[in-house]
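In case you want the letters, here they are:
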Amino acid sequence: MQPSTERRLSTPKIITSQYQCCNGPALAVSNKVLYDAWLDYTTSDDMIASFNGTTWTKESAIPSAVSAEGPALGAYAGRLFAALSPGNGTGAIDYSTGP
């Protein structure tokens, strides 16, 4: 019988407990930093926090971001991108870039 190569995830740890969220969350890595983004239902802000391998930063709102469903994250060419669906009936998808 072959040894199991199945990997299991660790017990979830809390990034934030101050907000009611989420659609998402969304995760992406850019420049060796892990980012987490989500929609905060209490303020309707799209929030983001980063993890350097040891600690999470304090969460903050993505500037001028508006979405109905919460952001999607991706990294390309060393930059972080957040895709946002404003939910204004236009079918538009907005984006924001970061480090």
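I will try to describe carefully the structure that is included in this document. These numbers were taken from a predicted model, which means no experiment stands behind them.

It is worth spelling out the nonpolar core at this point. If you look at the biggest cluster of nonpolar residues, it comprises 11 residues: Ala26, Ala28, Tyr35, Ala37, Ile48, Ile62, Ala65, Leu73, Leu80, Ala82 and Leu84. Contributing elements (two or more residues each) for this core: strand E1 (26–30), strand E2 (33–40) and strand E6 (79–84). Sort the elements by how many residues they give to this core and E6 lands first, with 3 residues.

Ordered in space as E1-E2-E3-E4, the 4 strands form an open sheet in which the pairing is antiparallel. Two strands close off the open sheet at either side, each with one partner strand: E1 and strand E4 (60–61). Across 7 bridges, the pairing between E2 and strand E3 (residues 45–51) is antiparallel. Residue pairing across strands places Asp40 opposite Asp45, the latter belonging to E3.

Turning our eyes to something else, we now look at the side chain of Ser50. Relative to the assigned elements, Ser50 resides in strand E3. Dropping the residues within four chain positions of it, Ser50 is found in contact with Val33, Leu34, Tyr35, Thr55, Trp56 and Thr57.

Thresholds applied
- Residues numbered from 1 in each chain as written.
- Predicted model: local features only at pLDDT ≥ 70, side-chain atom pairs only at ≥ 80, totals over all residues.
- Heavy atoms only, no water.
- Core = buried A, V, L, I, M, F, W, Y, C linked by side-chain atoms within 4.5 Å.
- Buried < 20%, exposed > 50% of the residue type's maximum accessible area, 1.4 Å probe, protein only.
- Helix = DSSP H or I, 4+ residues; strand = E, 2+ residues; numbered from the N terminus.
- Pairing = 2+ DSSP bridges.
- Contact = heavy atoms within 4.5 Å.

Everything listed here is a matter of geometry and, on its own, says nothing about what the molecule does.
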